[in-house]
Amino acid sequence: MSGGRKRKLRLSKIYSFACCKASFRGDDSQIGGKGYSRVVFCNEPDIFEDGVKNFADNSIRSTKYTLATFFPKSLFEQFRRVANFYFLVTGTLAFTKLAPYTAVSAILPLIIVIGATMVKEGIEDWRRKKQDIEVNNRRVKVHKVDGTFEYTAWKNLRVGNIVKVEKDEFFPADLLLLSSSYEDAVCYVETMNLDGETNLKLKQGLEVTSSLQEDLHFQKFKATVKCEDPNANLYSFVGSMEFEEKNYALSPQQILLRDSKLRNTDYIFGAVIFTGHDTKVIQNSTDPPSKRSRIEKKMDRVIYFLFCILFLMAFVGSIFFGIATKDDFQNGSMKRWYLRPDDSTIFFDPKRPVAAALFHCLTALMLYGFFIPISLYVSIEMVKVLQSIFINQDIQMYYKEADKPARARTSNLNEELGQVDTILSDKTGTLTCNSMEFIKCSIAGVGYGRGATEVEKAMGRRKGSPPIHEHDIESEAGKIRGSLDKKTLIKGFNFDDERIRNGQWVNQPHADVIQKFFRLLAICHTAIPEMNEETGNVSYEAESPDEAAFLIAARELGFEFYKRGQTSLSTFELDPVSSNKVERKYKLLNVLEFNSSRKRMSVIVENEEGKILLLCKGADSIMFERLAKNGREFEEKTKEHVHEYADAGLRTLILAYRELDAEEYKEFDNKFSKARNLVSADQERLMEELSDKIEKNLILLGATAVEDKLQDGVPDCIDKLAQAGIKIWVLTGDKMETAINIGFACSLLRQGMKQIIIHLDSPEIQALEKDGDKMAIAKASRQSVLLQISEGVAQLASYRGSSQKAFALIIDGKSLVYALEDNMKNMFLELGIRCASVICCRSSPKQKALVTRLVKSGTGKTTLAIGDGANDVGMLQEADIGVGISGVEGMQAVMSSDIAIAQFRYLERLLLVHGHWCYRRISSMICYFFYKNITFGFTLFLYEVYASFSGQPAYNDWFLSLYNVFFSSLPVVALGVFDQDVSARYCLKFPLLYQEGVQNVLFSWRRILSWMLNGFISALIIFFFCTKAMELQAFDAEGRTAGKDILGATMYTCVVWVVNLQMALAISYFTLIQHFFIWGSIFFWYLFLLVYGAMPPHFSTNAYKVFIEALAPSPSYWLVTFFVVISTLIPYFSYAAIQMRFFPMYHEIVQWIRYEGKIKDPEFCDMVRQRSLRPTTVGSTARLAAKAHH
């Protein structure tokens, strides 16, 4: 539409419901009271009162830190972790005489680890800061002086400013709409960023300001707005505006919210009411719930366990030390004469053994701190970030059509992806495309449309039809595709029937009814046409995908809506007499809009012949009862077709009309106009009553059927997830019939599966609903739901012995209200868990969240919620993992999710491949961290025992400090990023691998303790073999024996070799990087020994030239290293070989068949797959198995 045409367009009469100029007196009375104290002086930004009010500025900040708070807040976050706090305490104590090592060597590793984490936090926060800068510096036109508007940054806006927002721009703050490019101050707004909905909303300013359409009109504009204080309610606004000494009530209809976008309107003028953090969208933005994976929580418990071991060792050692110290000096004889007990400090004083023991305990706590892996947390964070990058970069999860890759929005939950027990999924837009296609219709009792839906194909399979039937459906669909391919494929239109297309409908028996049917589709709507000036094609901005599909169908079949005027609609229609397209104009008198209680919409138009027609479309449950006696000619046939369409998974609407005489319409219009202009809370109710009276005695035309297609790959994905042992619950707002049939289409349901249906459609409850006694209805409903759940549990119990019998639970929203009550929810959950599939129909957003919470808390296992709309946000935030589909319902779900993907089918790869790998990597990584630290720390304890608990470390200070940072950490990081037990192909070929994560077999206490035991055994072998090999004989050719420095360096060398070669034995998938890190860590140890030993003695202390002068020239050093390392690794190698041969885990079986080359042997692969821990009861595989069984 051109700008000129818009200026002359008045739409206030068209949108009778949406644009009502209501003001609620009851609300006005609250202004000035508590919560309603805001006063805004429009176009007076420098007024004194604004300064006093101290309103928020319009800049926003989403960062966690500021420059001033970064260091204190970040340090506080780091030292909340008990391990880091422990190292801080020991680092502080290192400055005292108690320390067994120098303070610098203790503090430096902590600084490196804390510093690395703070740098990561800083980088993440800087990214948020850059986003804030970009938003805050967006530009908008603001009124300066004398009617001139100049561009300024969003952050400079102040309450009371007048702004001019142009087409396709975002609103910079919450604005009061004053006027627009339309004369009656209406504008179209897209609220996708607020509520996820893509349909346009209509807003309208007050009539008194609608004439302010030029920049110069604001030269002397002044107004005062009194309204509510900032709050989070998106859909309410209470206020009044004083303009030219008159008060005008304001409603949400005049408010334009920040972050929504102006569409189909050249420009608007608005006054800034709320800015920055006072705006409703920011008030609604809550921090996402803090989610931590189960492995991370368990890791904390393991660290507490290690602390207990550490304290126990220190306590026991201190007791022995105290006893030995007490016995040091008795009757003038000294046992440990080298400690000079006759002239000792308090630390070794035989006269004060208790004090000496206490001080020794503190020294031991510092020394044994190497049991706790200081770099564990930072290494895991680093690994998770790198894992997230691999997920983001996976080309197999990139959706080319929409140019959308997978995106891990948080890296905290990577390993949780490998432990999902239950998936809770939305249907529309998640399992289906939310892209409607007009596929069938019933007109005058005759069904039209040859298309075959996904559900119909599934129904053919489910009814056990022979393969020929499916072939027929496929060939029929092929013919349709072929005929459609001759033309350009049209989005929203998948209809083919030679009886109607190409103008052939004129030859049908009821051609007049067909004409009225498609004319109704072209006229009964609230869409806006947009003409492409280059091609001449018309596209439609509609409130829903269904409405757009109807308009496209009408256009393709000869009834093209192309223009909306002030109070008129224009179409091009096929004239049945001349077979030419003719223009027809309809005077638009009223639009009675759709809402959830009416379940229908109507338009009242006057045609060129002067006839007044009411055209209505709505749900079958509402429409059939509104038909006139003479309008039911095609009722039975239409009902049959509607039932068939619902069975085929199609969404249906009934179309009907009636002709109004002039007097009847005049009476209605008078009453309706009075009701519309009524300033009362009863306004909406009165308008609905009047609409209800006129929408009666209708004449049936027929029914439409549109398909919301399943997304590509959904059935195969569900089948793979089911084979992996994952349970799937579908939570949808759709009616039961549609949800059930979609369930059959994607193989969640199958023929032969026993359906337990819980609903409240019994005659008794319907009778109570007619009486309207709410208490009686609630009581009867509660009893009915309880009885149905109890019967379902009984049915399951009776079939407990039959492994082949699968059950599906289907429950509607009304029943769910009662099923989620405290006294019933556990029984409902038990029933749901024991069923193969669960489908909750007509679920509200709150119910979706409550069901998710029930499953999460009730099962205690990992839940994943997946959805695409704003109505799924609660569910996504409540689940352990929230996955957002970046589909057509906006980005609200994605913004609230932990991981975003473009299609449901990518969930298969996300969980079975990346989830399995991440779980295995993180589990192995943590176990290995504990192993390497126990191996190192326990050698320190054994040396302590050997040296009569003297508090002296076996190793040089810097050997101690750098063990975790340089000599053993990088290989474990490489393991966490690159290791694969099996390739992605085998993860998908053998989905049961996934159960290792669900059952947590790789991070069970048994596995953790076995790795710890391996660490203790390794430490024992290293210590005793080294000490026994070196203590009694000469170490070098000159006959010198090994001292503490030589023994310590030799033991340390063995530890470095053992922990790195242990890593090499544990890895399943070697890469060049892993080779580099493992051999590089060992090489770096020798390099460090050379460089550090070459430093002056006051710095290198007992490591001075120890390698060059003592270790390297001595053959015994190399022999001891070789034999000790081999001996230490033999127990693990033997255990791993025996387990692999006789007690293999599932991934080891898959590794074995790949190694043996049996991967192409179908019988052997099937045998491996059938080693199931849980029978697969849903999916196409289960369907085929059930078919074969019968």
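Quick notes on the rules
Residues numbered from 1 in each chain as written. Predicted model: local features only at pLDDT ≥ 70, side-chain atom pairs only at ≥ 80, totals over all residues. Heavy atoms only, no water. UniProt positions renumbered as here; feature names shortened; annotations may be inferred. Helix = DSSP H or I, 4+ residues; strand = E, 2+ residues; numbered from the N terminus. Buried < 20%, exposed > 50% of the residue type's maximum accessible area, 1.4 Å probe, protein only. Contact = heavy atoms within 4.5 Å. Polar contact = N/O pair within 3.5 Å; in protein donor to acceptor, adjacent residues only side chain to side chain. 1 Å grid on protein atoms, 1.4 Å probe; cavity = no way out; pocket = protein on both sides within 12 Å on 5 of 7 lines; lining within 4 Å. Points joined across faces, edges and corners; volume = space filled by probe spheres on them. Nonpolar A, V, L, I, M, F, W, Y, C, P; charged D, E, K, R; others polar. Axes fitted to C-alpha atoms, helices over the stretch in contact; angles between N-to-C directions. Parallel < 35°, antiparallel > 145°, perpendicular 65-115°, else oblique. Pairing = 2+ DSSP bridges. Expected span 1.5 Å × (residues − 1). Arc of directions from axis to C-beta. Phe/Tyr/Trp six-rings, centres within 6.5 Å; stacked < 30°, edge-to-face > 60°.

Undergrad: Help me out: how do you make sense of the UniProt feature "active site" (unreviewed entry) in the protein chain in this one?
TA: Here, UniProt's "active site" (unreviewed entry) annotation points to D426. Take D426: it is sitting in the loop between β17 (420-425) and β18 (432-443). Looking at D426, the relative accessible area reads 4%, which means it is buried. Leave out the neighbours within four places in its chain, and D426 touches L431, L731, T732, K848, I866, G867, D868, D872 and M875. Within the structure, the side chain of D426 is placed 3.1 Å from the side chain of K848, a separation counted as a polar contact.

Undergrad: What am I meant to see in the environment of P715 here?
TA: Relative to the elements of secondary structure, P715 occurs in helix α20 (residues 714-723). Ignoring sequence-local partners within four residues, the contact set of P715 consists of L710, A745 and C746.

Undergrad: Honestly, the layout of surface pockets in this entry has me stumped. Any pointers?
TA: Where empty space is left can be seen by rolling a probe of water-molecule size over the atoms. The space that makes up the second largest pocket amounts to roughly 1,400 Å³. Looking at the second largest pocket, it is lined by 44 residues, and the ones nearest its centre are R1007, Y1135, Q1139, M1145 and E1148. For the lining of the second largest pocket, the elements supplying multiple residues, two or more each, are α29 (906-946), α33 (995-998), α34 (1005-1030), α35 (1044-1066), α39 (1115-1142) and α40 (1146-1156). Among the elements that take part in the lining of the second largest pocket, α39 stands out by supplying nine residues, more than any other. Among the residues making up the lining of the second largest pocket, the classes are represented as 25 nonpolar, ten polar and nine charged.

Undergrad: Would you explain empty space enclosed by the protein in this entry?
TA: This structure, assessed with the given rule, holds seven cavities of 30 Å³ or more. The calculated volume of the largest cavity comes to roughly 200 Å³. Along the wall of the largest cavity there are 15 residues; nearest its centre are F87, A106, P109, F370 and I374. Elements with a minimum of two residues in the lining of the largest cavity: α5 (82-93), α6 (103-136) and α30 (957-967). If one sorts the elements of the lining of the largest cavity by residue count, α30 sits on top with four residues. Looking at side-chain class alone, the lining of the largest cavity contains nine nonpolar, five polar and one charged residues.

Undergrad: In this structure, what is going on with the packing of helix α9 (residues 294-326) against α29? I would like to understand it.
TA: Helix packing for two helices is described by the angle between their axes and how far apart those axes are. The contact between α9 and α29 brings their axes to 12 Å, and the two run at 10 degrees. If you check the angle between α9 and α29, you find them roughly parallel. Contact residues: I295, M299, V302, I303, L306 and M313 in α9; Y919, I922, S923, I926, F930, I934 and F941 in α29. Across the contact of α9 with α29, the residue classes break down as twelve nonpolar, one polar and no charged.

Undergrad: Would you explain the pairing of strand β34 (residues 881-885) in this entry?
TA: Two faces belong to every sheet, and in a regular strand the side chains alternate between them. Across the five residues of β34, five count as buried, placing the element largely inside the fold. Of the two faces of β34, both are covered, the one formed by I881, V883 and I885 as well as the one formed by G882 and G884. Note: strand β33 (residues 862-867) against β34, four bridges, orientation parallel. Bridge pairing links L864 to I881 in β34. Relative to strand β35 (residues 899-901), β34 is paired through three bridges, and the arrangement is parallel. Across the sheet, residue G884 finds its bridge partner in β35, namely A900.

Undergrad: Hey, could you run me through α5 in this one?
TA: An α-helical turn contains 3.6 residues, so any two residues separated by three or four positions project in the same direction. Taking 1.5 Å as the rise per residue, α5 with twelve residues should run 16 Å; its terminal C-alpha atoms sit 17 Å apart, in good agreement. Of all the positions in α5, only A83, N84, Y86, F87, T90 and G91 are classed as buried. The arc that holds every buried residue of α5, seen down its axis, measures 155 degrees, which confines them to one face. Each element contacted by the buried residues of α5 is listed here: α4 (70-79), α6, α9, α10 (353-367) and α11 (376-392).

Undergrad: I tried to follow the sheet that holds strand β6 (residues 186-190) on my own but got confused; where do I start?
TA: By definition, the strands of a sheet pair up through backbone hydrogen bonds, in either a parallel or an antiparallel sense. One open sheet accounts for three strands, arranged β7-β6-β12; its pairing is antiparallel. Looking at the sheet topology across the chains shown, the edges are occupied by β7 (200-204) and β12 (261-263). For this sheet, the mean angle separating the axes of adjacent strands, direction not counted, is 45 degrees. In this sheet, β12 lies alongside β6 in antiparallel orientation, the contact comprising three bridges. Residue pairing across strands places V189 opposite L262, the latter belonging to β12.

Undergrad: Help me out: how do you make sense of the packing of aromatic side chains in this one?
TA: To describe a pair of aromatic rings, you give the distance between the ring centres and the angle between the ring planes. What the rule picks out here adds up to 61 aromatic pairs. Ring centres of F938 and F1016 lie 4.8 Å apart, and the angle between their planes is 85 degrees; on these two criteria the pair is classed as edge-to-face. Of this pair, F938 sits in helix α29 while F1016 sits in helix α34, and the two are 78 residues apart along the sequence. Per residue, the accessibility class of F938 equals that of F1016, and both read buried.

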